[in-house]
Amino acid sequence: MTVEKIERRHSGVRIWARARSNVGVCRSCGVGSSRVHGRYHRRVADVPIAGVPVVLRLRMRRFFCDNTSCTARTFAEQVEGLTSAHARRSHPLQRMLESIGLAVAARAGARLAGRLGLITGRDTLLRLVRAVPDPAVGSIAVLGVDDFAFKRRATYGTILLDMATHRPIDLLADRTADSFSAWLRQHRGVSIVCRDRASAYAEGARVGAPGAQQVADRWHLWHGLAGYVEKTIRHHRHDLRDPDHDLDEPDRNTDAEVDIEQIAIAADIDRVEAQAIVVRIREHHQAVQRLLTDGESISGISRSLRLDRKTVRRFASTASVEELLVKQRDGRPGQLERFKPYLRERWNHGCTTATVLLAEIRELGYGGSYPALTRYLRLFRTVGSAPPSTPAPPKVRDVTRWMLQHPDDLDDRDRYRLKEILARSSALERLSFHVSSFAEMMMGRHGERLDAWIAAVEADDFPHLHSFTAGLKRDHAAVVNGLTMEHSSGAVEGAVSRLKSIKRSMYGRAKFDLLRKKVLCRV
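Parameters at a glance
Residues numbered from 1 in each chain as written. Predicted model: local features only at pLDDT ≥ 70, side-chain atom pairs only at ≥ 80, totals over all residues. Heavy atoms only, no water. Helix = DSSP H or I, 4+ residues; strand = E, 2+ residues; numbered from the N terminus. Buried < 20%, exposed > 50% of the residue type's maximum accessible area, 1.4 Å probe, protein only. Contact = heavy atoms within 4.5 Å. Salt bridge = Lys/Arg side-chain N within 4 Å of Asp/Glu carboxyl O. Patch = residues over 30% accessible without salt bridge, like charges linked within 9 Å, V, L, I, M, F, W, Y side chains within 5 Å. Areas by Shrake-Rupley, 256 points an atom, 1.4 Å probe, with all protein chains shown as cover. Lys, Arg positive; Asp, Glu negative; His and termini not counted. Charge placed at Lys NZ, Arg CZ, Asp CG, Glu CD. Pairing = 2+ DSSP bridges. Axes fitted to C-alpha atoms, helices over the stretch in contact; angles between N-to-C directions. Arc of directions from axis to C-beta. pLDDT = per-residue confidence, 0-100. Parallel < 35°, antiparallel > 145°, perpendicular 65-115°, else oblique. Left-handed = near helix turned anticlockwise from the far one by under 90°. Nonpolar A, V, L, I, M, F, W, Y, C, P; charged D, E, K, R; others polar.

**Things to note about the side chain of His285**
Right, so step 1: Tracing the backbone shows His285 in helix α8 (residues 276-293).
Right, so step 2: Classification of His285 by relative accessible area gives buried; the value is 7%.
Right, so step 3: Setting aside residues up to four positions removed in sequence, His285 forms contacts with Phe315, Thr318, Ala319, Ser320, Val321 and Leu324.

Structural data, given as structure tokens:
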């Protein structure tokens, strides 16, 4: 290019220029020509200089095409790296706007572009983003797949990753086996599929790429085991209480203390039983069990009772309603819970005035109400004394965390409390052994030990773990691969986290095609 004139105006900078070459190349057939048909002026916006907009006024030529077999009679010359046919922006400016659109898009992108001297609108940015070509997929040997939520618990999509580069290669509008298998049939060559435990992806990989090895992610295996371990510990929650605490302070009136504990427990149970949700749980459980006895299916019961299928399945698999009420009775601890040992100690030392006790625990951080305190103290007034200030048993989730965590990562106190619990409960000791064996197998990649581990668990009396092993056997090959191979879905989980960030920045207003483009083309 030869610059002929530069002019500064109030709206920006104007640069007049013309092409140096005497030969143009036809973009239809690629044949060069030097026969000029005519000349014209062209206006092209370029990147700003120090935040000042720049416009190029180019004097261009139109050439005759000398190729007799070409369908074009004439063609306009283009400046390589600067202009293209019918474009009103230079290539550098186009790339800058595309980058801004992919990063922030719409209104925020238009505001940022204005600060940089790039005059554009939000609709233009969205149009440019949608026009960006998809990156080439190429040959994929190891594929990662996972789902993401458009709207949680309502609509979901699928993200696919090249595990060699950790780059998203495609997004699917749903998470069904049919769409996943169709994608695999269109992209041959996938030899390994890294996935979670979702049955839809397992079926899609089996149909779409029957020769590919499926690898179940180790984190999902561990997470699934954690859920069943927590259920098993909850089933043996009576082993968490230390019976030695009931023998403390023999000079007290033991019978009165036992009566107070019984009154407190009875009051708590009566309060929970009176709650409407517990009544509904009992009614729904009875209805589900009755319809199952009549031969009704899970889907039919769901429609009849207007319950979610997962809820119906949980009620159907539970023989006793008491198992469903365990969490309800345990519940979330109230605000008064952590102050009860202090209240018992102060009551036994002679302080029985509710207002005084309220002021004291307020200073310690109590944020509950006065009636909640008086209801608790009413139990002590009935008998005349408070039970000793014994430490509360550890929570089920805390014991689950101790059991799942590496012993070296526990502090001395938690390690000691876990050791005490395992010493007085043979069931939880066996459970801890199974958890440790699975962790050793997973961390050491000893997938060949899986069958022996499953046999050992099924020989023990842990119904919840039996459900876990049944799932492992249904997905046996993928689980063995996950416990043996180096591949995992960690990169896929990271891509899903980045996708969530992109989706939130779009305020949930963009359609699927724009979200897909921003995920695939974003640097």
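From this point, the discussion proceeds with the structure in view.
**Regarding the pattern of salt bridges**
Right, so step 1: Applying the stated criterion to the full structure yields 21 salt bridges.
Right, so step 2: Across the pair Asp475 and Arg195 runs a salt bridge, and its minimum N-O distance is 2.7 Å. Of this pair, Asp475 sits in the loop between α19 (463-474) and α20 (476-482) while Arg195 sits in strand β11 (residues 192-195), and the two are 280 residues apart along the sequence. For the pair formed by Asp475 and Arg195, the shared burial category is buried.
Right, so step 3: Measuring nitrogen to oxygen at the nearest pair gives 2.5 Å for the salt bridge that ties Glu203 to Arg206. Here Glu203 pairs with Arg206, and both are found in helix α5 (residues 199-208), just three residues apart, close to one helical turn.
Right, so step 4: Judged by relative accessible area, Glu203 falls into the partly exposed class, the value being 35%.
Right, so step 5: If you follow the salt bridges from partner to partner, you end up with Asp134, Asp170, Arg516 and Lys517 in one network.

**So, a positive patch on the surface**
Right, so step 1: Together, Arg152, Arg153, Arg303, Arg309, Lys310, Arg313, Lys500 and Arg504 line one region of the surface with positive charge.
Right, so step 2: Only α10 (309-317) and α21 (490-505) provide two or more residues apiece to the positive patch.
Right, so step 3: In terms of residue count, the dominant contributor to the positive patch is α10 (three residues).
Right, so step 4: When you line up the elements, Arg313 lands in helix α10.

**Details of the sheet that holds strand β10 (residues 167-172)**
Right, so step 1: Read across the open sheet, the five strands follow the order β10-β9-β8-β11-β12; overall the sheet is mixed. Looking at strand neighbours, the two that pair on one side only are β10 and β12 (213-216), the edges of this open sheet. With strand direction ignored, the average angle separating the axes of adjacent strands in the sheet is 30°.
Right, so step 2: Across the sheet, helix α4 (residues 177-186) touches β8 (142-151), β9 (155-162), β10 and β11, and the angle it forms with β10 is around 130°.
Right, so step 3: α21 rests against β8, β9 and β10 of the sheet, and its axis sits at about 30° to β8.

**A look at helix α12 (residues 340-348)**
Right, so step 1: Burial in α12 covers these residues: Lys340, Leu343, Arg344 and Trp347. Along the long axis of α12, the arc covered by the buried residues comes to 100°, so they all point the same way.

**Considering the pairing of β10**
Right, so step 1: The element β10 is extensively covered by neighbouring structure, given that five of its six residues are classed as buried.
Right, so step 2: In the sheet, β9 pairs with β10 via five bridges, with the strands oriented antiparallel. Among the inter-strand pairings, Ile159 is bridged to a residue of β10, identified as Leu171.
Right, so step 3: Linking two consecutive strands that pair antiparallel, namely β9 and β10, is a turn of four residues; a positive phi of about 60° is found at His166 within it.

**Quick look at the confidence of the model for the protein**
Right, so step 1: Averaged over every residue, the pLDDT of the protein is 87; the share at 70 or more is 89%.
Right, so step 2: Confidence drops under pLDDT 50 across residues 246-258; counting only partners more than four residues distant or on other chains, this segment forms six contacts.
Right, so step 3: For residues 265-270, every residue scores under 50 in pLDDT, and the model assigns this stretch one contact once sequence neighbours within four places are set aside.

**Some words on the environment of Asp461**
Right, so step 1: By the element assignment, Asp461 lies in the loop between α18 (450-458) and α19.
Right, so step 2: The spacing of Asp461 and Arg430 is 31 residues in sequence and 9.8 Å in space, taken between C-alpha atoms.

**Remarks on the pairing of strand β2 (residues 12-18)**
Right, so step 1: Within β2, six of the seven residues are buried, leaving the element largely enclosed by the surrounding structure.
Right, so step 2: In the sheet, strand β1 (residues 2-9) pairs with β2 via seven bridges, with the strands oriented antiparallel. Bridge pairing links Ile6 to Ile15 in β2.
Right, so step 3: Hairpin remark: β1 followed by β2, antiparallel, with two residues in the connecting loop.

**Description of the packing of helix α6 (residues 218-235) against α19**
Right, so step 1: The geometry of α6 relative to α19 is characterised by a closest axis approach of 8 Å and an angle of 160° between their N-to-C directions. The angle between α6 and α19 places the two elements in the roughly antiparallel class. Relative to α19, α6 is oriented so that their crossing is right-handed. Across the interface between the two elements, Leu221, Gly224, Leu225, Tyr228, Val229, Lys231 and Thr232 from α6 touch His464, Leu465, Ser467, Phe468 and Leu472 from α19.
Right, so step 2: The class makeup of the residues in the contact of α6 with α19 is seven nonpolar, four polar and one charged.

**Regarding a nonpolar patch on the surface**
Right, so step 1: On the surface, Val104, Leu112 and Leu116 cluster together into a nonpolar patch covering about 220 Å² of accessible area.
Right, so step 2: If you trace the backbone, Val104 turns up in the loop between α1 (91-103) and α2 (106-115).

**Some details on the packing of helix α16 (residues 412-424) against helix α17 (residues 426-443)**
Right, so step 1: Their axes nearest at 5 Å, the elements α16 and α17 cross at an angle of 120°. The angle between the axes of α16 and α17 places the two elements in the oblique class. Of the residues in α17, those touching α16 at Ile421, Leu422 and Arg424 are Ser426, Leu428, Glu429 and Ser432.
Right, so step 2: Partitioning the contact of α16 with α17 into residue classes produces three nonpolar, two polar and two charged.

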